[in-house]
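Overview (structure and organization)
Take a look at the letters that make up each chain.
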Amino acid sequence: MKDRKVQPDKERFVYIILAVFAGFFGVHNFYIGNKLKGYTQLFITIFIGWLIIPLIITWIWSFIEIIKTTHDSEGRKLV
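1. A closer look at the side chain of Q41
Along the chain, the position of Q41 falls in helix α3 (residues 35-48). On the basis of relative accessibility, which here comes to 0%, the residue Q41 falls in the buried class. Only 2.9 Å separates the side chain of Q41 from the side chain of N29, close enough to count as a polar contact. Those residues in contact with Q41 that lie beyond four places of it in its chain are G23, F24, F25, G26, H28, N29, T58, W61, S62 and E65.

Set out below in structure tokens:
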């Protein structure tokens, strides 16, 4: 029988810090495993972020996610 690595729980504090300081890059979503959201925010920032408005939108989007996200992509509660 193979031993599967058990991933440690993700910390909500780390998630919040990542969202506040690097949220417009989607780093906080990569941290909890939401790769599609992470790539979307990264794409918006890199390709149309020079318009400034998209940066504001992704930053607000990050703060909304701070409030409503309580679980990672595998359904485990953030501790």
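2. Observations concerning the packing of helix α1 (residues 12-22) against helix α4 (residues 53-68)
When two helices pack together, their arrangement is given by the angle between the helix axes and the distance between those axes. The geometry of α1 relative to α4 is characterised by a closest axis approach of 9 Å and an angle of 165° between their N-to-C directions. Here α4 runs roughly antiparallel to α1, going by the angle between their axes. Viewed along their axes, α1 and α4 form a crossing whose handedness is left-handed. Between α1 and α4, the residues in contact are R12, Y15, I16, A19 and V20 and W59, S62, F63, E65, I66 and I67, respectively. Along the lines of polarity and charge, the residues of the contact of α1 with α4 split into eight nonpolar, one polar and two charged.

3. Describing the confidence of the model for the protein chain
The predicted coordinates of low-pLDDT regions are not to be read in fine detail. Averaged over all residues, the pLDDT of the protein chain equals 90, while 94% of them reach at least 70. Per-element averaging of pLDDT across the protein chain places α4 at the bottom with 92 and helix α2 (residues 27-32) at the top with 96.

The rules behind each value
Residues numbered from 1 in each chain as written. Predicted model: local features only at pLDDT ≥ 70, side-chain atom pairs only at ≥ 80, totals over all residues. Heavy atoms only, no water. Helix = DSSP H or I, 4+ residues; strand = E, 2+ residues; numbered from the N terminus. Buried < 20%, exposed > 50% of the residue type's maximum accessible area, 1.4 Å probe, protein only. Polar contact = N/O pair within 3.5 Å; in protein donor to acceptor, adjacent residues only side chain to side chain. Contact = heavy atoms within 4.5 Å. Axes fitted to C-alpha atoms, helices over the stretch in contact; angles between N-to-C directions. Parallel < 35°, antiparallel > 145°, perpendicular 65-115°, else oblique. Left-handed = near helix turned anticlockwise from the far one by under 90°. Nonpolar A, V, L, I, M, F, W, Y, C, P; charged D, E, K, R; others polar. pLDDT = per-residue confidence, 0-100.

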